[in-house]
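Analysis of the macromolecular model
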Amino acid sequence: MTLVRDAMVPEPRTLAATATAQVAGGLLERPEVRAVLVTDGDGRLVGVVTRKTLVREVVAAGRDPRSTEVGGIAEPPLYTIEPEVPLDEAYRFLEEHDAERVPVIERGRLVGVLSRSALQRRLAEDEPPPDVPDAA
C-alpha cells in the first residue's frame, strides 16, 4: 500500500509568519503561485495567504503592506491531509473536495504538499499495464 508520504512534495516553499504582506504579494505576482503557505518558527502551518486575502485584509482594510505580518492575516487551509493516508483514499478526498493541492500535516507540522496531478501520475505508475493481445 502506498501512502501520501510517498507521493507528496516534501519541504514545500513556505513563508514565515513574521514576513510582511509586501513579501507575500511579491510571491503572488508570479502566475504559477496561487497561494502561499505560512508557517511559524516551529514549522507549524499557520495558514494560507492568497491574492484575495491580501486585497481583503491589507488593501481594503487600509493596512500598510510593509508592516503587516502574514501570520496575522493568514487564513486556515480549507483542507489538510496526513502523510499516512493511503493514496487511493487521498485521491478520492481531493476529487470529492475539488482540491488541486492540499497541505500534508503531521502532528501539527507542515511536512509536504500533495498535488492532485502528481497523485494521478503516481497512481498511474502503480497500475499494471492493460493486457494487449499479440498482433499475429
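For the structure, check the block above.
Quantities reported herein were computed from a predicted structural model and do not represent experimental measurements.

With respect to the sheet that holds strand 6 (residues 109-115)
- Strand order across the open sheet formed by 3 strands is 1-6-5, with antiparallel pairing between neighbours. The open sheet has two edge strands, strand 1 (9-10) and strand 5 (101-106), and neither has a second partner.
- As paired elements, strand 5 and strand 6 share 6 bridges and run antiparallel to each other. Pairing of isoleucine 105 across the sheet is with leucine 110, part of strand 6.

Quick look at helix 3 (residues 51-59)
- Residues of helix 3 that are buried: Thr53, Leu54 and Val58. One face of helix 3 carries all of its buried residues, which in axial projection span an arc of 95°. Opposite its buried face, helix 3 presents the exposed residues Lys52 and Val59, each directed more than 90 degrees away.
- Elements that come into contact with the buried residues of helix 3 comprise helix 2 (21-28) and strand 4 (45-49).

What about the nonpolar core?
- In this structure, Val49, Leu54 and Val70 are the most contacted members of the largest nonpolar core, which totals 15 residues.
- If you tally residues by element for this core, the top one is helix 2, at 3 residues.
- Those residues within four positions of leucine 54 in sequence are excluded, and the remaining contacts are Ala21, Ala24, Gly25, Leu28, Val49, Val59 and Ile73.

Scoring rules and cut-offs
Per chain, the residues get numbers from 1 upward, laid out in the order the sequence is written. Selection of residues for local features in this predicted model requires a pLDDT of at least 70, selection of side-chain atom pairs for listing and counting requires 80 or more, and totals for whole chains, interfaces and linings are taken over all residues. The side-chain figures draw on all heavy atoms in the structure; neither hydrogens nor water molecules are used. We treat two strands as partners when DSSP finds at least two bridges between them. Put simply, DSSP marks the helices as runs of H or I at least four residues long and the strands as runs of E at least two long, and each gets a number from the N terminus on. Each residue is placed in one exposure class: buried if its accessible area under a 1.4 Å probe, protein chains only, is under 20% of its type's maximum, exposed if it is over 50%, and partly exposed if it falls in between. Arc definition: it is the arc formed by the directions from the helix axis to the C-beta atoms. The contact criterion used is simple: two residues touch if any of their non-hydrogen atoms lie within 4.5 Å. Only buried residues count toward a nonpolar core, which is a set of Ala, Val, Leu, Ile, Met, Phe, Trp, Tyr and Cys residues joined through side-chain atoms within 4.5 Å.

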